[in-house]
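# Survey of secondary and tertiary structure
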Amino acid sequence: MQVICSKESLSSISVSAIVIGLFEDTPFDGFAAEFDSLTGGMLTRLVECEEFKGTALQTVTLYAAPGIPAMCTQLVGLGKRDEFNEKTALRAASAAAKTLGEKERKDVAFFFPSECTEAAVCGAMLGSVGQDLYRAERNLHPFETVHWVGTDANSDVSSGEIFGNSLNLTRELINRPACDIYPESLANRASSLADQCGLEVEVWDRARLENEKCGSLLAVSRGSAREPRLVILEHKGGPDDQPPIALVGKGVTFDSGGLSLKPSESMKEMKCDMGGAATVLGAIQAIAQLNLPVNVIALVGLVENMVSGDSYKLGDVLTARSGKTIEVLNTDAEGRLVLADVLNVAVERGASHIIDLATLTGACLVALGKQVAGVMTNDESFCDELLAAASRVGDDAWQLPMFDDYGEQIKSKVADIKNVGEGRWGGAITAAKFLEEFVDETPWVHIDIAGPSFLDSAKPWIDGGGTGAFVRTLVEVVRRRA
Ligand code: BES
Ligand code: ZN
Ligand code: ZN
């Protein structure tokens, strides 16, 4: 899909469909007024009889509107003008694209207000892309071309396109099942991304992971026929002596639970357990393409958590790369074991700050629901930066406390720490307390995206499956440090 800036008008543009974004409280401004007069008052009548109100994300499709060359006109509500923000812009454009994408349409022109263009362009690229990658008969048909009308800021349009491609990459990687995305194949995807974007890349295979003493990550992967990988991508945008910001992702390409086997109902979605890695890969792609003048390093730990005669067992004591020993009391708490070693590599590479993303705990879903990520930190001011970035781009995040008492719960009688807390309560936080053991003094934020990275079913603005949540937040954090 490509995005082109356009100066055409409603009455001249020749495309399969047009989208007009309309505010609730000022329905007859700008493009709306033009559309109303071209169509002989169609919009006035639609508003009068309350068929269209312009409330956020309302969609109404019109066909063969008089005076409009495009066969199909998609109206979409933007809500109240003074409440308009990046989240609404992205979702409204995406909702319109999703409705139009139900049928094959080659080129679609968006007539949108000039505010929040980057987010809106990104949304226009998301809605027509679905999770039906393996269906002969598609539910959604991606547009070939998006024409963007309504802004002079061409750079916002091109950065919006970069974001759209990055979120769609993250979504695709999550949506592909574990038979196609496994550590080796995901590492290959990461390498080709690096080649395309001019990133430096290092791939650690099993032999290298053994040499590097990544005992915690390797233990998780042992039950699988698929070999593990650790991928390091480097964007050198800043001065040579600037320590990098590290983005770390959990890449469990399938989580069966291991010997602490998951029931089918919980296991069936576990292709999504590499969501953290997919988010980090999407973000570093955008960071590279935007040429941000900051050094950033992305590290993803890729394993499959499976069952075999060689699986790691309950009661095993692992030695992590940092030298800490870990008693395994549940093989389904594997994400933290993978991240333990990856975080240690990030520290060793001299990261000034670390952000990790992981579909880490069901407990985070219990605490905050499906839409909201849990955020935990060892550094309040860095966490404030991240929360501000998330709020700006419309990724919902909420901070959870890291009181010392939670840390007591992961002490072990036989090893330095154990991989689960005492019982289920506060499970998102005890998991974060475990990760904190591996970041030393580095300012660090952990984002548990078990809920928001994956949708069981479609929303009005996006298909089910991978969402691309928090890709934009990561890029925003880096941008603000530029
Ligand atoms: N991958 C899961 C967490 C998860 C749950 C992700 C739901 C997405 C949706 C993780 O590895 C896991 O199984 N965590 C356990 C931890 C427990 C054994 C301490 C959990 O949350 O139940
Ligand atoms: Zn698990
Ligand atoms: Zn997992």
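By convention here, each chain's residues receive numbers from 1 onward along its written sequence. Here the convention is simple: chains get letters from A, ligands get numbers from 1, in the order in which they are written. Where totals are concerned, whole chains, interfaces and linings use all residues; where local detail is concerned, this predicted model gives features only for residues with pLDDT of at least 70, and gives and counts side-chain atom pairs only at 80 or more. With hydrogens and water set aside, each side-chain value is computed from the structure's full complement of heavy atoms.

### Digging into the site of ligand 1
As a reminder of what qualifies: Proximity criterion: a residue is near a molecule or strand once any of its heavy atoms comes within 4 Å of it. Pairing of N or O atoms within 3.5 Å defines a polar contact, subject to two protein rules: one partner must be a possible hydrogen donor and the other a possible acceptor, and residues neighboring in sequence count only if both atoms are side-chain atoms. Each accessible area is a Shrake-Rupley result for a 1.4 Å probe, and residues are judged covered by the shown protein chains and nothing else. Segments assigned H or I by DSSP are reported as helices when at least four residues long, segments assigned E as strands when at least two residues long, and all are numbered from the N terminus.
Near ligand 1 there are 16 residues, and of these Lys 262, Asp 273, Asp 332, Glu 334 and Gly 362 occur at the shortest range. Note that a nitrogen atom of ligand 1 is positioned 2.8 Å from one of the side-chain N or O atoms of Asp 273. When the free accessible area of ligand 1 is taken as 520 Å², the share hidden by the protein chains comes to 78%. For the shell around ligand 1, the elements supplying multiple residues, two or more each, are strand E9 (245–255) and helix H12 (362–368).

### As for the sheet that holds strand E16 (residues 417–418)
Test applied: Whether two strands pair comes down to DSSP finding at least two bridges between them.
Pairing within the open sheet is mixed, and its three strands lie in the order E11-E12-E16. Only two strands of the sheet have a single partner each, and these edge strands are strand E11 (317–319) and E16. Relative to strand E12 (residues 325–327), E11 runs antiparallel, the two sharing three bridges. Counted as the bridge partner of Leu 318 is Ile 326 from E12.

### Looking at the environment of Asn 295
What counts here: Should any heavy atoms of two residues lie within 4.5 Å, those residues are counted as being in contact.
With respect to the secondary-structure elements, Asn 295 resides in strand E10 (residues 295–305). Between the alpha carbons of Asn 295 and Gly 465 there is a distance of 31 Å; along the sequence they are 170 residues apart. For Asn 295, the contacting residues outside a window of four places in its chain are His 235, Lys 236, Gly 237, Gly 238, Pro 239, Gln 242, Pro 244 and Ile 245. Looking at Asn 295, its side chain comes within polar contact range of the main-chain nitrogen of Gly 238, at 2.7 Å.

### With respect to the pattern of salt bridges
Where we set the bar: Just to be clear on terms, a salt bridge is a Lys or Arg side-chain nitrogen sitting within 4 Å of an Asp or Glu carboxyl oxygen. Only protein chains enter the accessibility calculation, which uses a 1.4 Å probe; a residue whose area is less than 20% of its type maximum is buried, one above 50% is exposed, and one in between is partly exposed.
Enumeration over the complete set of coordinates arrives at 32 salt bridges. Residue Glu 334 is joined to Lys 250 by a salt bridge in which the shortest nitrogen-to-oxygen separation is 3.1 Å. Residue Glu 334 is found in the loop between E12 and helix H11 (335–348), and its partner Lys 250 is found in strand E9; the two are separated by 84 residues along the sequence. A single burial state applies to Glu 334 and to Lys 250, both of which are buried. Salt-bridge contacts for Arg 321 lead to Glu 348; the nearest nitrogen and oxygen are separated by 3.0 Å. With a gap of 27 residues between them, Arg 321 in the loop between E11 and E12 and Glu 348 in helix H11 connect regions that are remote in the sequence. For Glu 348, a relative accessible area of 52% puts it in the exposed group. Here the salt bridges share partners, and the residues they tie into one network are Glu 118, Glu 476, Arg 479 and Arg 480.

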